[in-house]
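# Results of the structural survey
The chain contents come next:
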Amino acid sequence: MGKCEQCIVREFSALKALNKDELIRIADCKTSYTVKKGETIFDEGDSLNGIYCIKDGVCKLSKLSDNGKDQIVKLVKKGELLGQRSLISEETTNLSAVAIEDMQVCYIPKQEILQFFNENNQFSLNMMKSVCGDLKDADDGMVNLAQKTVKQRLAETLLKLESDFGNNEDGSLKLQLSRDEIAGLIGTATESCIRLLSEFNKEGWIALQGKKITITNKKELQKMI
């Protein structure tokens with residue numbers, strides 16, 4: 001993970017605006033490491049002194065509610081950045097980031113990132129677009145929680161998991177989430193999520209095998225939404 005100028009995943013984030021010399025500067029100052037499944041990248045309330053670039057793997061951004069329930073705000077995949085909003089606003093993080101599967105992560109110090117803001121207008125614009133996109137997703141999430149039923153949110157989430165992360169060779173969703181994590185995504189109790197998945201299975205819309213979920217009737221799920 002040494003040479004940033006040869007890294008393909010940077011093309012999916014604001015880093016694509018950096019030139020070769022700027023990417024070499026990042027390579028000289030960044031820290032690369034592995035995050036194991038279940039490990040925390042940062043906690044809610046942490047002060048970040050840089051941003052994280054996801055080289056490989058998936059993590060969840062979540063917020064702990066007053067009743068101790070983990071509400072998942074977003075799933076972050078390879079090529080995306082973590083911590084840019086806290087870096088720009090100079091505030092502590094309002095979400096925690098935990099690995100859903102083993103990850104490869106690069107950490108870029110704040111000082112270097114802020115220098116690019118002053119030197120590279122396209123990088124600044126890309127970063128602003130990324131933050132605005134996150135805010136739009138948050139707005140859409142609030143509307144979904146207020147206006148859509150839990151059943152609709154589950155159908156939408158299953159289809160999004162397929163479109164964002166793809167399928168295994170056997171047709172099952174590639175990203176395997178626990179029932180608790182799916183419940184955290186759709187904003188309901190784990191028991192309700194399990195009951196609805198069972199209902200979807202009986203209707204023939206999905207097939208369940210352990211943690212594996214296979215969408216078998218995409219048209220019905222889309223119709224429900």
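Going by the annotation in an unreviewed UniProt entry, the name recorded for the chain is Crp/Fnr family transcriptional regulator, with Flavobacterium bernardetii given as the source organism.

### Things to note about the overall build of the chain
For the chain, the helix and strand inventory stands at eight helices and 10 strands. In terms of C-alpha radius of gyration, the chain reaches 19 Å, essentially the compact-globule figure of 17 Å for 225 residues. With respect to the three principal axes, the spread of C-alpha positions in the chain is 55 × 40 × 30 Å. Taken over 225 residues, the chain has a buried fraction of 42%. When contacts within the chain are restricted to residue pairs at least 6 apart in sequence, long-range pairs at least 24 apart make up 68% of them. Here the chain displays about 12,000 Å² of accessible surface, and carbon together with sulfur accounts for 48% of that area.

### Focus: the sheet that holds strand S2 (residues 40-42)
Overall, antiparallel pairing links the four strands, which are arranged S2-S7-S4-S5 in an open sheet. Each edge of the open sheet carries a strand with a single partner, namely S2 and strand S5 (70-76). Direction aside, neighbouring strands of the sheet carry axes that sit 30° apart on average. Pairing of S2 with strand S7 (residues 96-99), which is carried by two bridges, proceeds in the antiparallel orientation. Across the sheet, Thr40 pairs through a bridge with Val98, a residue of S7.

### A short note on unusual backbone geometry
Residues other than glycine seldom take positive phi values, yet Glu90 does so here, at roughly 55°. For Glu90, the location among the structural elements is in the loop between helix H2 (84-89) and S7. Overall, the relative accessible area of 61% leaves Glu90 in the exposed class.

### Things to note about the sheet that holds strand S8 (residues 103-109)
Read across the open sheet, the four strands follow the order S1-S8-S3-S6; overall the sheet is antiparallel. Only two strands of the sheet have a single neighbouring strand rather than two, namely strand S1 (31-35) and strand S6 (81-82). Two elements, strand S3 (residues 50-56) and S8, share six bridges in a ladder whose sense is antiparallel. Along S8, the bridge assignment pairs Ile54 with Val105. Strands in contact with helix H3 (residues 110-119) are S3 and S8; relative to S8, the strand with the most contacts, it is inclined by about 65°.

### Thoughts on helix H7 (residues 190-203)
Compared with the 20 Å implied by 1.5 Å per residue over 14 residues, the 20 Å span of H7 between its first and last C-alpha is a close match. Of all the residues in H7, the buried ones are Thr190, Ser192, Cys193, Leu196, Leu197 and Phe200. Around the axis of H7, the buried residues are gathered within 155° of arc, so they sit on the same side. Opposite the buried face of H7, by more than 90 degrees, sit the exposed residues Glu191, Arg195 and Lys202. Looking at the packing, one finds that the buried side of H7 touches helix H5 (150-165), helix H6 (179-186), strand S9 (206-209), strand S10 (212-215) and helix H8 (218-224). At the C-terminal side of H7, Gly204 shows a positive phi close to 85°.

About the thresholds
- Residues numbered from 1 in each chain as written.
- Predicted model: local features only at pLDDT ≥ 70, side-chain atom pairs only at ≥ 80, totals over all residues.
- Heavy atoms only, no water.
- Helix = DSSP H or I, 4+ residues; strand = E, 2+ residues; numbered from the N terminus.
- Rg over C-alpha atoms; globule rule 2.2 N^0.38 Å.
- Buried < 20%, exposed > 50% of the residue type's maximum accessible area, 1.4 Å probe, protein only.
- Contact = heavy atoms within 4.5 Å.
- Areas by Shrake-Rupley, 256 points an atom, 1.4 Å probe, with all protein chains shown as cover.
- Pairing = 2+ DSSP bridges.
- Axes fitted to C-alpha atoms, helices over the stretch in contact; angles between N-to-C directions.
- Expected span 1.5 Å × (residues − 1).
- Arc of directions from axis to C-beta.

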